[in-house]
Amino acid sequence: MERYYQPELECMPREEMIQLQNQRLKQQVRHVWEDVPYYRKKMEARGLTPEDIQSIDDLHKLPFLSKDDLREAYPYGLLGRPLKDCVRIQSTSGTTGKRVVAFYTQKDIDLWEECCARAIVAAGGTDEDVCQVSYGYGLFTGGPGLNGGSHKVGCLTIPTSSGNTDRQIMFITDLQATILCCTPSYAAYLGERMKEMGMGPDDIPLKAGIFGAEAWSEEMRRDIEKTMGIKAYDIYGLTELSGPGVSFECSAQQGMHINEDHFIAEIIDPDTGEVLPEGEQGELVFTSIDKEAFPLLRYRTRDICVLTREKCPCGRTHVRMRKPRGRSDDMLIIRGVNVFPSQIETVLLNNGYAANYQIIVDRKDNTDTFDVHVEMTPEMFTDNLSEVSAMQKKLVDDLRSMLGIKAAVTLVAPKTIARSEGKAVRVVDRRKL
Ligand code: DLL
């Protein structure tokens, strides 16, 4: 039987949810108008006052907020409460430009941790469970968010943080961890290491994994589920909005329920900004409706996604988002063709490889070069050149039919591509250097 952490909110009838969203949206708009001068200026520039926003149908009138706004307003420009009311910051792993710093009041943290608790309960977690949190702790939101959620559910929490892989496995077995939280790429690595240590699914006490923070394919899910003998649940979120738990998967594993009592989701055309109807793919935009310290209206995530309101067998009524294919800024344009790393991953896993690969893009003589280095698994490893070349050719063909362009594939020996303990880095784009 499906269990919920907050059934009255997670299964709220749609009509009631709309009423709740209308009321919270109006309050949130009033809050930014009164307390965030940066946002008030943006609204004034559009000739808007809080009276113009009476319900969620008026949402489209509000201006978008982008990562550039966050950088421009760094560090305090979007703060919605006096610093003395804030109790925490978290920050993005941002590789380019200034980091984003998000602020939290105690209430913001409580609501965020409740969202994570919903995800843990949806994955079958109860106060009988032992939950090992192997996301990084610190500025990254993964560790602190799931740690807080695990406490709220009453699980025994093991705060290992990421890294020290053999110790992770020791704790999983010695302390009988039943739920594992980490990035999917780290889960794959833990699974690989367990296999090397001679452990099969029956030797591992885990029953569920809550994996997110990066794009991962269905094929990778099945691989991890098989290796560890668990059910693997996706979880999504971003620092700007709180962290993990903006949305999470239920037992149906068909998209992630967005916590609509806190966040309103829209899908827009990334080029025109036009709101797209349900079911169309576009950029995910979120409006927080009950945040205190760091309220964000119509924040453009750059994540490419699809929403559905189809009824979910789990009984939750919140809208679902499909697995994001990756960020629009992860999308490579190679010889004019759009390529997502997740598409390459699908081809590799369908051919029996693990998700250990690197994509190297460069430009020579005004033409893009496109190389994919793929690790052979120990089982398929061979140094027979004609076998290797046949295997490479198969991947070149399958990648061409998936992507529509030719990649040069190089198979490399097992364990030669660096493993990730957090978000995996799959792409080296030398054209930008
Ligand atoms: O990654 C928060 C998080 C921690 C989510 C732990 C889930 C688990 P950021 O570092 O700010 O926050 O990165 C946010 O990561 O815009 C997406 O592009 C990507 N992302 C997060 N979850 C998923 C997911 C955390 N399940 C950015 N699938 C987001 C695909 C994801 N991409």
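Given the structure is predicted, the values throughout are model-derived calculations rather than measurements.

Describe the environment of Gln253, with residues and values.
With respect to the helices, strands and loops of the structure, Gln253 is situated in the loop between β8 (243-249) and β9 (256-258). Aside from chain neighbours lying at most four places away, what touches Gln253 is Arg221, Glu225, Lys231 and Ala232. Engagement of the side chain of Gln253 in a polar contact is seen with the side chain of Glu225, the distance being 3.0 Å.

Break down the packing of aromatic side chains for me, citing the residues and quoting the values.
Per the counting criterion, the structure on display carries 8 aromatic pairs. Ring centres 5.9 Å apart and planes at 45° place the aromatic pair Tyr76 and Phe103 in the tilted group. Taken together, the positions of Tyr76 in the loop between α4 (67-72) and β1 (86-91) and Phe103 in strand β2 (residues 101-105) put the pair 27 residues apart, joining distant regions of the chain. Judged by relative accessible area, which is 48%, Tyr76 ranks as partly exposed. For Phe103, a relative accessible area of 5% corresponds to the buried category.

Outline the packing of helix α9 (residues 218-228) against helix α10 (residues 341-350), listing residues and values.
Relative to each other, α9 and α10 sit at 45°, their axes nearing to 8 Å. The pairing of α9 with α10 is recorded here as oblique in orientation. Of the residues in α10, those touching α9 at Glu219, Met220 and Asp223 are Glu345, Thr346, Leu349 and Asn350. Among the residues making up the contact of α9 with α10, the classes are represented as 2 nonpolar, 2 polar and 3 charged.

Tell me what's going on with the pairing of strand β18 (residues 367-375), and back it up with residues and numbers.
With 8 bridges connecting them, strand β17 (residues 357-364) and β18 associate as antiparallel partners. If you follow Arg363 over to β18, its bridge partner there is Asp368. Between β17 and β18, which pair antiparallel and follow one another directly, the connecting turn spans 2 residues, one of which, Asp365, has a positive phi of 50°. Where β18 meets strand β19 (residues 408-412), 5 bridges bridge the pair, whose relative direction is parallel. Within the sheet, the bridge partner assigned to Val372 lies in β19 and is Val409. Assessed by its sense of winding, the connection that carries the chain from β18 through helix α11 (residues 385-403) to β19 is right-handed.

Which residues make up the site of the ligand, and what are the values?
Residues in close proximity to the ligand total 22 residues, the closest being Asp234, Ile235, Thr239, Asp303 and Lys423. In this structure, a nitrogen atom belonging to the ligand sits 3.1 Å away from a main-chain N or O atom of Ala213. Residue Glu214 places a main-chain N or O atom 3.2 Å away from a nitrogen atom belonging to the ligand. Protein burial of the ligand: of its 610 Å² of free accessible surface, 96% is covered by the chains. Examining the composition of the shell around the ligand, we find that 5 residues originate from one element, strand β7 (residues 231-238), more than from any other. Within the shell around the ligand, the residues separate by chemical class into 9 nonpolar, 7 polar and 6 charged.

Talk me through the nonpolar core; I want residue IDs and the actual numbers.
Grouped together as the largest cluster of nonpolar side chains are 70 residues, with contacts concentrated most on Leu78, Leu284 and Phe286. With 8 residues, the single largest contributor to this core is helix α5 (residues 106-122). Judged by nonpolar contacts, the second largest core, of 48 residues, contains Ile169, Ala177, Tyr357 and Val372.

If you had to explain α11 to someone new, which residues and values would you point to?
In this model, α11 (19 residues) spans 26 Å end to end at C-alpha, consistent with the 27 Å of a helix rising 1.5 Å per residue. Along α11, the positions that sit buried rather than exposed are Val388, Met391, Gln392, Leu395, Val396, Leu399 and Leu403. For α11, the angular spread of the buried residues around the axis is 140°, confining them to a single face. Projecting away from the buried face of α11 at angles above 90 degrees are the exposed residues Ser386, Lys393 and Ser401. The elements touched by buried residues of α11 are β16 (337-339), α10, β18 and β19. Directly after α11, the chain includes Gly404, whose backbone phi takes a positive value near 85°.

So what about the sheet that holds β18? Which residues, and what values?
Here we have 4 strands laid out as an open sheet, ordered β19-β18-β17-β20, and mixed in their pairing. At either margin of the open sheet sits one strand with a lone partner, and together these are β19 and β20 (427-429). Put simply, the sheet's adjacent strands are angled 20° from each other on average, direction ignored. As paired strands, β17 and β20 are joined by 3 bridges and run parallel to one another. Bridge assignment links Val361 to a residue of β20, and that residue is Asp429. Across the sheet, α10 is in contact with β17, β18 and β20; its angle to β17 comes to roughly 125°. On the sheet, α11 packs against β18 and β19 and is oriented at approximately 135° with respect to β19.

Describe the pattern of salt bridges, listing the residues and the values that go with them.
Per the counting criterion, the structure on display carries 35 salt bridges. Note that Glu113 and Lys152 form a salt bridge whose closest N and O atoms lie 3.9 Å from each other. Remark: Lys152 occurs in helix α6 (residues 142-153) and Glu113 occurs in helix α5; sequence separation between them is 39 residues. Relative accessible area serves as the criterion here: at 29%, Lys152 is assigned to the partly exposed category. A salt bridge links Glu218 to Arg221; the shortest N-O distance between them is 2.9 Å. Taken together, the positions of Glu218 and Arg221, both in helix α9 and 3 residues apart, correspond to about one turn of that helix. When its relative accessible area of 2% is taken as the criterion, Arg221 is described as buried.

Reading guide: rules and limits
- Residues numbered from 1 in each chain as written.
- Predicted model: local features only at pLDDT ≥ 70, side-chain atom pairs only at ≥ 80, totals over all residues.
- Heavy atoms only, no water.
- Helix = DSSP H or I, 4+ residues; strand = E, 2+ residues; numbered from the N terminus.
- Contact = heavy atoms within 4.5 Å.
- Polar contact = N/O pair within 3.5 Å; in protein donor to acceptor, adjacent residues only side chain to side chain.
- Phe/Tyr/Trp six-rings, centres within 6.5 Å; stacked < 30°, edge-to-face > 60°.
- Buried < 20%, exposed > 50% of the residue type's maximum accessible area, 1.4 Å probe, protein only.
- Axes fitted to C-alpha atoms, helices over the stretch in contact; angles between N-to-C directions.
- Parallel < 35°, antiparallel > 145°, perpendicular 65-115°, else oblique.
- Nonpolar A, V, L, I, M, F, W, Y, C, P; charged D, E, K, R; others polar.
- Pairing = 2+ DSSP bridges.
- Right-handed = clockwise from strand over helix to strand, strands pointing away.
- Near = heavy atom within 4 Å.
- Areas by Shrake-Rupley, 256 points an atom, 1.4 Å probe, with all protein chains shown as cover.
- Core = buried A, V, L, I, M, F, W, Y, C linked by side-chain atoms within 4.5 Å.
- Expected span 1.5 Å × (residues − 1).
- Arc of directions from axis to C-beta.
- Salt bridge = Lys/Arg side-chain N within 4 Å of Asp/Glu carboxyl O.

These figures capture arrangement, not role.
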